[in-house]
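# Coordinate analysis (summary)
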Amino acid sequence: MVVQSSIMTLVSGMVMGFCLFYTVQVTFFYSAYPPDTDLYESPSFSQYGHSNTYEELESGRKNAGGILGEENTEAAQLAAEVRVLCWVMTSPANHEKKAKHVLATWGKRCDKTIFMSSQTDKALNAVAVIDGEGKNRLWEKTKAAFQYIYEHHLEEADWFLKADDDTFVVVENLKYLLRRYNSSAPLWFGRRFQRLVKKGYMSGDAGYVLSREAVSLLVEEGLPNKRKCRSDNDGDDDVEMGKCLQNIGVYVGDSRDDKGRERFFPFTPEHHLVPGNKDWLWDFYYYPMIEGMDCCSDTAISFHNVSPAKMYELEYLLYHLWPHCLQLQDPAWAQLAPDSDPLPKEAFKQLKP
């Protein structure tokens, strides 16, 4: 009993001594080296931020030399050669919930980004193009948005993208697709649907892009003529846009890659990548849909139903995560899609050597 008591006393003394020593050391350390509270208040560590900005990372890649340096030179040429204005459909209720996250991620890569709403918001560059909201007013807002662009921004871009505030767009891949085509020809691209419109129409959810000439024809010849474009505000906005553009002679482009894989998507990546997600939209797809990894082009452009959290996830995976030594060597000019023959010769640019 005496031995056991002595052992317990020894163990207790050792524990107390260690605790006292640890307390003294921690107190000394934090008094000598106080935590840098500015670190957590820095704008670069904001709620959705990153310690390295997109520009810093791109600068690092440019300085890496070799293929990476060449790719960034080509990317700079592409950015200057193809100007894209992005207009985003939103509402006052979503300015803070969704729109600001678009602007913090992919929206900053457009040459100009405008949010079309019913309430002005200078912080977002949001303009009020109609005086109210509602699903039954989307066609009205779409017409008003293109009218606004035509009157104020037509000469500032070559192409004009329509997207929703829950769409994620890879702007570089959009420009890569459009580089082959002349914006002086009446063209539009997107996720082509069949039914309802003879030549098909583009999904509004996946987003679509019009050439400058197509926008001009829409506003000058389409919208003022009720025989060519629906004059009231009823109807589905993407279907009515398809009918209108068909009536004024805008060509439907094939946005798929040369392997026939789609680039614009009406759902999130996992919905298209994981087999077994067939839904009613499969009956609307103009081209046969493939399940699994072959569903999607390596130069995919858009995904829809993307939450703000998912936007930052895609932002990280696309622009911050950098697999060591992985070098992509796509041709400078995108290969034509399988269904490009119906387009007139003047729709295409002369390829540079």
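Summarised in this report is the structure supplied together with it. These numbers come from a predicted model, not from an experiment.

### Points about the overall build of the protein chain
Within the protein chain one finds 11 helices and 11 strands. Counting over 353 residues, the protein chain shows a buried share of 46%. In the protein chain, 74% of the contacts between residues at least 6 apart in sequence involve partners at least 24 apart. Element-wise, carbon and sulfur atoms account for 55% of the exposed surface of the protein chain, whose accessible area totals about 18,900 Å².

### Here we look at the environment of phenylalanine 265
Within the secondary structure, phenylalanine 265 sits in the loop between strand S10 (251-252) and helix H10 (269-273). The class of phenylalanine 265 is buried, set by a relative accessible area of 0%. When the C-alpha positions of phenylalanine 265 and arginine 192 are compared, they lie 10.0 Å apart, and in sequence the two are 73 residues distant. With near-sequence residues (within four places) excluded, phenylalanine 265 lies in contact with Arg191, Ala206, His272, Cys295, Cys296, Ser297, Ala300, Ser302, Phe303 and His304.

### A closer look at the side chain of threonine 167
Secondary-structure assignment places threonine 167 in the loop between strand S4 (159-164) and strand S5 (168-169). Beyond its immediate stretch of four places on either side in the chain, threonine 167 contacts Trp106, Asp205, Ala206, Ser302, Phe303, His304 and Met311.

### Brief notes about the pattern of salt bridges
Counted according to the given criterion, the structure contains 22 salt bridges. Glutamate 140 serves as the salt-bridge partner of arginine 137, at 2.8 Å between the closest nitrogen and oxygen. Through salt bridges that share partners, Lys108, Arg109, Glu172 and Glu315 make up one connected network.

### Side note on the packing of helix H5 (residues 95-104) against helix H11 (residues 308-319)
It is at 9 Å that the axes of H5 and H11 come closest, and there the two elements cross at 10°. As far as their axial angle goes, H11 and H5 are roughly parallel. Taking contact as the criterion, the partners of Lys97, His101, Val102 and Ala104 in H5 are, on H11, Pro308, Met311 and Tyr312. Across the contact of H5 with H11, the residue classes tally to five nonpolar, one polar and one charged.

### Section: the sheet that holds strand S9 (residues 208-211)
With respect to topology, seven strands assemble into an open sheet ordered S3-S2-S1-S4-S9-S6-S10, the strand pairing being mixed. This sheet does not close on itself; its edge strands, each paired only once, are strand S3 (126-128) and S10. Across four bridges, the pairing between S4 and S9 is antiparallel. For leucine 161, the partnering residue across the bridge sits in S9 and is valine 209. Relative to strand S1 (residues 84-89), helix H6 (residues 138-152) is tilted by about 150°, and along the sheet it contacts S1, strand S2 (112-117), S3, S4 and S9. Packing against the sheet, helix H7 (residues 171-178) makes contact with S1, S4, strand S6 (187-190) and S9, and its axis sits at approximately 125° to S1.

### A few points about the pairing of S1
In terms of burial, S1 is a largely internal element, six of the six residues being buried. Side chains Val84, Cys86 and Val88 project from S1 onto one buried face, and the interleaved Leu85, Trp87 and Met89 project onto a second face that is buried too. Taken together, the six bridges between S1 and S4 define a ladder with parallel strand orientation. Note on S4: the bridge partner recorded for valine 84 is tryptophan 159. Sheet analysis places S1 next to S2, joined by five bridges and oriented parallel. In the sheet register, methionine 89 faces S2, and the bridge partner there is methionine 116. Crossover S1 to S2 through H5 is right-handed.

### Some points on the environment of alanine 144
In this structure, alanine 144 sits in helix H6. For alanine 144 and valine 129, which are 15 residues apart along the polypeptide, the C-alpha to C-alpha distance reads 5.8 Å.

### Here's the deal with unusual backbone geometry
One non-glycine residue with positive phi stands out, namely asparagine 125, at about 65°. By the secondary structure assignment, asparagine 125 is in the loop between S2 and S3. A positive phi angle is found at leucine 196, which is not glycine, with a value near 65°. With respect to the element layout, leucine 196 can be found in the loop between strand S7 (192-193) and strand S8 (201-202).

### What about a nonpolar patch on the surface?
A cluster of nonpolar side chains, namely Tyr316, Leu317 and Leu321, defines an oily patch on the protein surface of about 270 Å² accessible area. Positionally, leucine 317 belongs in helix H11.

### Section: H11
With 12 residues, H11 extends 16 Å from end C-alpha to end C-alpha; this agrees with the ideal 16 Å at 1.5 Å per step. When H11 is considered as a whole, its buried residues turn out to be Lys310, Met311, Tyr312, Leu314, Glu315 and Tyr319.

### Things to note about the packing of H6 against helix H9 (residues 237-247)
Where H6 contacts H9, the two axes come as close as 8 Å, and the packing angle between them is 50°. Accordingly, the angle class assigned to the pair H6 and H9 is oblique. As H6 packs across H9, the resulting crossing turns out to be right-handed. The residues of H9 that touch H6, namely those facing Leu138, Trp139, Thr142 and Phe146, are Asp237, Glu240 and Met241. For the contact of H6 with H9, the residue count by class is four nonpolar, one polar and two charged.

How each quantity is defined
- Residues numbered from 1 in each chain as written.
- Predicted model: local features only at pLDDT ≥ 70, side-chain atom pairs only at ≥ 80, totals over all residues.
- Heavy atoms only, no water.
- Helix = DSSP H or I, 4+ residues; strand = E, 2+ residues; numbered from the N terminus.
- Buried < 20%, exposed > 50% of the residue type's maximum accessible area, 1.4 Å probe, protein only.
- Contact = heavy atoms within 4.5 Å.
- Areas by Shrake-Rupley, 256 points an atom, 1.4 Å probe, with all protein chains shown as cover.
- Salt bridge = Lys/Arg side-chain N within 4 Å of Asp/Glu carboxyl O.
- Axes fitted to C-alpha atoms, helices over the stretch in contact; angles between N-to-C directions.
- Parallel < 35°, antiparallel > 145°, perpendicular 65-115°, else oblique.
- Nonpolar A, V, L, I, M, F, W, Y, C, P; charged D, E, K, R; others polar.
- Pairing = 2+ DSSP bridges.
- Right-handed = clockwise from strand over helix to strand, strands pointing away.
- Patch = residues over 30% accessible without salt bridge, like charges linked within 9 Å, V, L, I, M, F, W, Y side chains within 5 Å.
- Expected span 1.5 Å × (residues − 1).
- Left-handed = near helix turned anticlockwise from the far one by under 90°.

Read these as geometric descriptors, not functional statements.
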